[in-house]
Amino acid sequence: MVSTYSQITIHTVFAVKHRKNFIIKEWRDELHKYITGIINNKGSRSLAVGGWLDHIHILFGMPVTTCIADFMSALKSNSSKWINEQQFLKEPFQWQAGYGAFSYARSQRDVVINYIMKQEEHHKGKTFKEEYLKMLIDFDVRYNDKYLFEFYD
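Residues numbered from 1 in each chain as written. Predicted model: local features only at pLDDT ≥ 70, side-chain atom pairs only at ≥ 80, totals over all residues. Heavy atoms only, no water.

### Things to note about helix α2 (residues 68-86)
Between the first and last C-alpha of α2 there are 27 Å, a value that for 19 residues agrees with the 27 Å anticipated at 1.5 Å per step. For α2, the full list of buried residues reads F71, M72, A74, L75, K76, S79, S80, W82 and I83. Where the residues of α2 are buried, they touch β1 (9-15), α1 (25-41) and β3 (55-61). The positive-phi residue at the C-terminal boundary of α2 is Q87, with phi of around 55 degrees. (Helix = DSSP H or I, 4+ residues; strand = E, 2+ residues; numbered from the N terminus. Expected span 1.5 Å × (residues − 1). Buried < 20%, exposed > 50% of the residue type's maximum accessible area, 1.4 Å probe, protein only. Contact = heavy atoms within 4.5 Å.)

Written out as structure tokens, the structure is:
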């Protein structure tokens, strides 16, 4: 029997609704582990999960059994449900609509993993808006400011 094989490495970025600094150190690692579980349970391979107070970066092997939109919808809805069930916050948690998705070659994985795992250090000198716009520009993604994440200076 013939099978389908692929190696598609995707880096996604998504943000907390209203860009609130909700993802605090006390439970950030638990969230990253939970997201890793979602990724693995969806037939993918988690390579790195990291982020900062108001956004998440994920690097994973994209499964051939689903499209990126369905994959991200399931990941965001399952993780926000889990955050609310854990009652980490006094108000309901939500992710912003949308995400950024960027593909990388296998040879670039280590650099991207390092970047994702050092988000706290990275954001001492750069805002999320600066980071995200640079990604869009570096990947030559056409965008309309009107449809970007909610950014607050």
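### A word on the packing of aromatic side chains
Two descriptors summarise a pair of aromatic rings, namely the distance from one centre to the other and the angle between the planes of the rings. Applying the stated criterion across every chain, the model contains 12 aromatic pairs. A ring pair is formed by F22 and F93, whose centres lie 6.2 Å apart and whose planes are at 45 degrees; its orientation type is tilted. Here the residue F22 occupies a position in the loop between β1 and α1, and F93 occupies one in the loop between α2 and β4 (100-104), the gap between them amounting to 71 residues. For F22, a relative accessible area of 14% gives the class buried. By relative accessible area, which is 2% here, F93 ends up buried. Taken together, a centroid distance of 4.8 Å and an interplanar angle of 90 degrees make the contact between F93 and W95 edge-to-face. Exposure remark for W95: the relative accessible area of 8% places this residue in the buried category. Ring-pair connections join several aromatic residues into one group, and the members of that group are F14, F22, F93 and W95. (Phe/Tyr/Trp six-rings, centres within 6.5 Å; stacked < 30°, edge-to-face > 60°.)

### Structural notes on the pairing of β1
Side-chain direction in a regular strand flips from residue to residue, so the side chains alternate between the two faces of the sheet. Extensive coverage of β1 is indicated by the burial of 7 of its 7 residues. Here β1 shows two buried faces, one formed by T9, H11, V13 and A15 and the other by I10, T12 and F14. Inspection of the sheet shows β1 paired to β3 by 7 bridges, in the antiparallel sense. Bridge pairing in β3 places T9 opposite G61. Note that β1 and β4 share 5 bridges and pair antiparallel. Its bridge partner being in β4, H11 is matched across the sheet by F102. (Pairing = 2+ DSSP bridges.)

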